[in-house]
Amino acid sequence: MTSRLIGLTPSRRTVLGGLAASGAALALPARFASAQSAAPIKLGFQLHRTGIGAAYGRWYERTAQAALKLVNEAGGINGRPVEILFEDDGTDPKRGAEVMEKFASQSNCDAVFGALFSHVVVGTAPRAGELKMPYLVCSEGHHVASGKMNRWTLQPGITDVKSQVRAMAPWVSSTLGKKVTMIFPDYAFGHDHRDAFVPAIQAAGGEVIEQIAIPPTETSFTRYLPRIPADTEVIYHVMVGPAVLTFVKELGEFYGSGDRPQIFGFIDSLEAVNIASPGLEFLEGTHFWEGHCRYLQADAGEHEATYRAAVGVDDTGASLADAKDISTYAHMFSVWETLFILKAGMEAAGYQGPADRQKLVEAIEAMTDMPYGIEHPQGAKTFNGKTHQVFGVQYISKVEGGKLVKVHTTSPEDGMYPDEADYTSMSF
């Protein structure tokens, strides 16, 4: 079932105040009468409402709704209101391609965005190319920058795994240890981590001494943990799916109160999970990658409070409406930023309708610097139009007193790597 939303209701004063402070052109129009067409711009949102990505999907939808309000209250795009059509893909690649077909053939959407899980993106992108539909993914996978996708598929709102790993591997090696055991999900996203981290840690003077790949639908992990070598200095884990809490608890039970390696995890293993949950006490002193710091940091940027208020998240990363509802804060900013990138691209292209889809892609390809602001609350970024991939800051946090405290920030340049593709040389 498709759900439809046009964000036209008034937003909080704090949000509008933050937008005004960002310097964006946000004079509120009384109506959308100045546009050549009063018809809404329609954006399809490929939503993981069900399946293993459902926890992300819930917060991705809320974030899209919040960003949509701001866009429409600022006059929409090219003077036209914007509408988002949410369609559940079940976190399934076959269903993802079907959703893309529906957006293009039945809904006549102007562009599609929102997908996170790599196997869904990989299964959907070919159909997006065939339909000549701009497809802006929020995935982190290296599949876009690797050149495996097509001219119509871009990832401008979140960095990819290769960039994240390259930026952080030197810190892991110099701070935590050099002999690493990797635990990762056995599908495209996990394979990206494997393929990127092994050479990155080697370049930093370390080595991966064991790789433990686990099916993303696994519900118990005790049979995998004995494979961790005794001389492991660092456990690198990045798990996803509905059993992530079980994984982390069983890892703690495996080591008990005795000596254990240093632990460096991607927050994916605890997205939508309260880090203060019973059974997670052993995480005290361990480290995590965060795309966006879940806990409000003492040195947070000037737009952080505005963004949190807009998406309905408190200083701990929990929902303002329900403290037990923990956000997927490290990832959901990508939805917010991608919508503002679509707005900027359509305005630069003078977008009027589906006949201008190619112009939209070309306008996004021409983007470079994306400065920190309410449109980019996670941090400043640089977009590479040739590879269709953005580069930005990464955060490393330490669990202290049951909270995530930032201890290191990388620069966008730390994660940059040589181009592996040039989509601008490819045909549409």
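Predicted, not measured: the structure shown is a model, and the values here were computed from it.

Some remarks on the overall build of the protein
From N to C terminus, the protein includes 10 helices and 16 strands. Expected size for 428 residues packed as a compact globule is a radius of gyration near 22 Å; at 21 Å, the protein falls within 12% of this value. Along the three orthogonal principal directions, the C-alpha set of the protein runs to about 70 × 45 × 40 Å. In the protein, which comprises 428 residues, the share counted as buried stands at 60%. As displayed, the protein offers around 15600 Å² of accessible surface, 52% of which is attributable to carbon and sulfur atoms. Both charge centroids of the protein, one from 37 positive and one from 49 negative side chains, sit 5 Å from each other.

Description of the sheet that holds strand β8 (residues 207-214)
If you trace the seven strands from one edge of the open sheet to the other, you get β8-β7-β9-β10-β11-β15-β16, paired in mixed fashion. This sheet does not close on itself; its edge strands, each paired only once, are β8 and β16 (403-409). In this sheet, adjacent strand axes meet at a mean angle of 25° when their direction is disregarded. Sheet topology note: the strand β15 (residues 395-400)/β16 ladder contains six bridges and is antiparallel.

Quick look at helix α9 (residues 329-349)
With 21 residues, α9 should cover 30 Å at 1.5 Å per step; its first-to-last C-alpha distance of 31 Å lies within 8% of that length. Across the 21 residues that make up α9, a large majority, 18, are buried. Just beyond α9, the residue with positive phi is G350, at close to 60°.

Notes on empty space enclosed by the protein
Applying the stated criterion across every chain yields a total of two cavities of 30 Å³ or more. If you go around the largest cavity, the residues you meet are Y56, L116, F117, S118, S139, E140, Y187, F189, V240 and D268. There is about 50 Å³ of room inside the second largest cavity. Together, I158, T159, Q164, W289, G291, A330, F333, Q378, K381, G392, V393 and Q394 line the second largest cavity. The class makeup of the residues in the lining of the second largest cavity is five nonpolar, six polar and one charged.

A word on the pattern of salt bridges
Under the definition given, this model contains 21 salt bridges. A salt bridge links R223 to E218; the shortest N-O distance between them is 3.2 Å. In this structure, the salt-bridge partner of E271 is R294, at a minimum N-O distance of 3.7 Å. You can see E271 sitting in the loop between β10 (262-266) and β11 (287-290) and its partner R294 sitting in the loop between β11 and α8 (304-311), a full 23 residues away along the chain. Each member of the pair, E271 together with R294, is buried.

Digging into the packing of helix α5 (residues 161-175) against helix α6 (residues 188-203)
As a packed pair, α5 and α6 sit with axes 9 Å apart at the nearest point and diverge in direction by 45°. Compared by their axis directions, α5 and α6 come out oblique. Classified by chirality, the crossing of α6 by α5 is right-handed. Residue-level inspection shows V161, K162, V165, R166, A169, V172 and S173 of α5 in contact with α6, the latter providing F189, D192, H193, A196, F197, A200 and I201.

Each value, and the rule that gives it
Residues numbered from 1 in each chain as written. Predicted model: local features only at pLDDT ≥ 70, side-chain atom pairs only at ≥ 80, totals over all residues. Heavy atoms only, no water. Helix = DSSP H or I, 4+ residues; strand = E, 2+ residues; numbered from the N terminus. Rg over C-alpha atoms; globule rule 2.2 N^0.38 Å. Buried < 20%, exposed > 50% of the residue type's maximum accessible area, 1.4 Å probe, protein only. Areas by Shrake-Rupley, 256 points an atom, 1.4 Å probe, with all protein chains shown as cover. Lys, Arg positive; Asp, Glu negative; His and termini not counted. Charge placed at Lys NZ, Arg CZ, Asp CG, Glu CD. Pairing = 2+ DSSP bridges. Axes fitted to C-alpha atoms, helices over the stretch in contact; angles between N-to-C directions. Expected span 1.5 Å × (residues − 1). 1 Å grid on protein atoms, 1.4 Å probe; cavity = no way out; pocket = protein on both sides within 12 Å on 5 of 7 lines; lining within 4 Å. Points joined across faces, edges and corners; volume = space filled by probe spheres on them. Nonpolar A, V, L, I, M, F, W, Y, C, P; charged D, E, K, R; others polar. Salt bridge = Lys/Arg side-chain N within 4 Å of Asp/Glu carboxyl O. Parallel < 35°, antiparallel > 145°, perpendicular 65-115°, else oblique. Left-handed = near helix turned anticlockwise from the far one by under 90°. Contact = heavy atoms within 4.5 Å.

That's the geometry; what it means functionally is another story.
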